[in-house]
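# Architecture and fold: a report
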Amino acid sequence: MILAPMQGLTEVLFRRVYEECFPGAFSYSISPFISLTHGHLADAWEKIDDVLPDENIGCMPVIPQILGKEPREFVELGNRLYDLGYGEINWNMGCPMRKVAGKHRGSGILPFPDEVERIFDAVIPQLKPRLSIKMRLGLRSKEEIYSLIPIINRYPLTSVTIHPRLGRQQYTGVPDLDTFGQVLPMIEHPVIYNGDICTAADARKIQKLFPTVSDLMIGRGVLYHPTLPMEINGKVADSVGQLAITKHFVLRLMEEIDSRMPTEQSKIRKTKEYWCLVWKSLSISETKAREVLHEQEYTTVRKKILYFLQ
């Protein structure tokens, strides 16, 4: 199993704590994207802290992800990451955010197969690390992926991760498993499934429907239920043990936030970002959970969460 990239959530702080509490649960993770920021490579250099090797000691293995469409800057950043020790990078062709997609980045490049081909042609011969991609079925139409598959098959990609939604859907609706099943045998690279795996039953369903899928990528499901990878592998403890280890994980996450975030505002923002998701696994009511989100002082937020973790 692979930990999906989630901007603002699966950063090095989270990856370190998760690996400490659940060692080996994920074979590796894809980092939140490093943006080329309209070709301004100097800005991208400032965003690679999340994957600097010294920062990732004790973390699960990570593959850096790049968001952008500028070949020269893509190659330069990719080769810089290679020099840091990364033998593979991932190209983000799936981000659904409108401000990203509107500039032909992320899922916004999917309706333009000629542009995708041009970037592959320019990048791959010069790129030192191997390249994988993460994509959706399309931006506005599932037909878009059918035009891309012949192009994808011509290049030596290590894997293709597919989230079977359209970019315009964001995260609404349900994954289009019918279309995923149609394109799966057409792709000549290992295919990784990503999307709405929130329970062990969800994982078993995908594995049963698509036995040729090479791996599963899990995102928000692991934040809703931190023990999910263990449940999928049949290694989870009883409910009492499961709750205890989840509480320990949340406590360690809070400790890392407290020690590593530089300001009170950044601490409260980061704590609330995680709390919005992880409270569901702590056997407390939504009403009680929302009390935390309404607080404006970090010390009060922390005190309330610690109370719930007792």
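Refer to the preceding data block for the structure.
Residues numbered from 1 in each chain as written. Predicted model: local features only at pLDDT ≥ 70, side-chain atom pairs only at ≥ 80, totals over all residues. Heavy atoms only, no water.

This brings us to empty space enclosed by the protein. In the structure shown here, the tally under the stated rule is 1 cavity of 30 Å³ or more. The computed volume of the largest cavity comes to approximately 50 Å³. Looking at the largest cavity, the residues that line it are Val-250, Leu-253, Met-254, Ile-257, Thr-271, Tyr-274, Trp-275, Val-278 and Ile-305. Put simply, the parts of the chain that give the lining of the largest cavity at least two residues each are helix H11 (239–260) and helix H12 (264–278). (1 Å grid on protein atoms, 1.4 Å probe; cavity = no way out; pocket = protein on both sides within 12 Å on 5 of 7 lines; lining within 4 Å. Points joined across faces, edges and corners; volume = space filled by probe spheres on them. Helix = DSSP H or I, 4+ residues; strand = E, 2+ residues; numbered from the N terminus.)

The next subject is the packing of helix H13 (residues 286–294) against helix H14 (residues 298–308). Running from N to C, H13 and H14 cross one another at 155°; their axes reach a closest spacing of 8 Å. If you check the angle between H13 and H14, you find them roughly antiparallel. When you trace H13 past H14, the crossing you get is left-handed. Residues Lys-288, Glu-291 and Val-292 of H13 form the contact with H14, whose own contacting residues are Val-301, Lys-304, Ile-305 and Phe-308. Residue composition of the contact of H13 with H14, grouped by class: 4 nonpolar, no polar and 3 charged. (Axes fitted to C-alpha atoms, helices over the stretch in contact; angles between N-to-C directions. Parallel < 35°, antiparallel > 145°, perpendicular 65-115°, else oblique. Left-handed = near helix turned anticlockwise from the far one by under 90°. Contact = heavy atoms within 4.5 Å. Nonpolar A, V, L, I, M, F, W, Y, C, P; charged D, E, K, R; others polar.)

Attention shifts here to helix H3 (residues 71–83). In an α-helix, one turn spans 3.6 residues; hence positions three or four apart end up facing the same way. Taking 1.5 Å per residue, 13 residues should reach 18 Å; H3 reaches 18 Å between its end C-alpha atoms and fits that length. Every buried residue of H3 is listed here: Pro-71, Glu-73, Phe-74, Val-75, Leu-77, Gly-78, Asn-79 and Leu-81. Positive backbone phi, at 115°, marks Gly-85, one or two positions downstream of H3. (Expected span 1.5 Å × (residues − 1). Buried < 20%, exposed > 50% of the residue type's maximum accessible area, 1.4 Å probe, protein only.)

In this section: the pattern of salt bridges. Using the criterion set out here, one finds 21 salt bridges in the structure. With a shortest N-O distance of 3.7 Å, Lys-128 and Asp-83 are connected by a salt bridge. A residue pair is termed long-range when its members are at least 10 positions apart, and Lys-128 in the loop between helix H5 (113–123) and strand S7 (130–138) and Asp-83 in helix H3 qualify at 45 residues. Overall, Lys-128 belongs to the partly exposed group, its relative accessible area being 46%. Here the salt bridges do not stand alone but share partners, grouping Arg-16, Glu-20, Arg-252, Glu-255, Glu-256 and Arg-260 into one network. (Salt bridge = Lys/Arg side-chain N within 4 Å of Asp/Glu carboxyl O.)

Attention now goes to the sheet that holds strand S4 (residues 62–63). Spatial strand order, S3-S5-S6-S7-S8-S9-S10-S1-S2-S4: 10 strands in an open sheet with parallel pairing. Two strands close off the open sheet at either side, each with one partner strand: strand S3 (34–35) and S4. Sheet topology note: the strand S5 (residues 65–67)/strand S6 (residues 88–93) ladder contains 2 bridges and is parallel. Bridge assignment links Gln-65 to a residue of S6, and that residue is Asn-90. Contacts from H5 reach S6, S7 and strand S8 (157–166) within the one sheet, and its direction differs from that of S6 by about 165°. The strands touched by helix H6 (residues 143–153) within the sheet are S7 and S8, with S7 carrying the most contacts at an inclination of about 160°. (Pairing = 2+ DSSP bridges.)

The subject of this paragraph is the packing of aromatic side chains. Under the criterion given, the structure shown has 14 aromatic pairs. Note on Phe-14 and Tyr-274: the rings are 5.9 Å apart at their centroids and 20° apart in plane angle, and the pair reads as stacked. Residue Phe-14 is found in helix H1 (residues 12–21), and its partner Tyr-274 is found in helix H12; the two are separated by 260 residues along the sequence. Note on accessibility: Phe-14 and Tyr-274 belong to one class, buried. (Phe/Tyr/Trp six-rings, centres within 6.5 Å; stacked < 30°, edge-to-face > 60°.)

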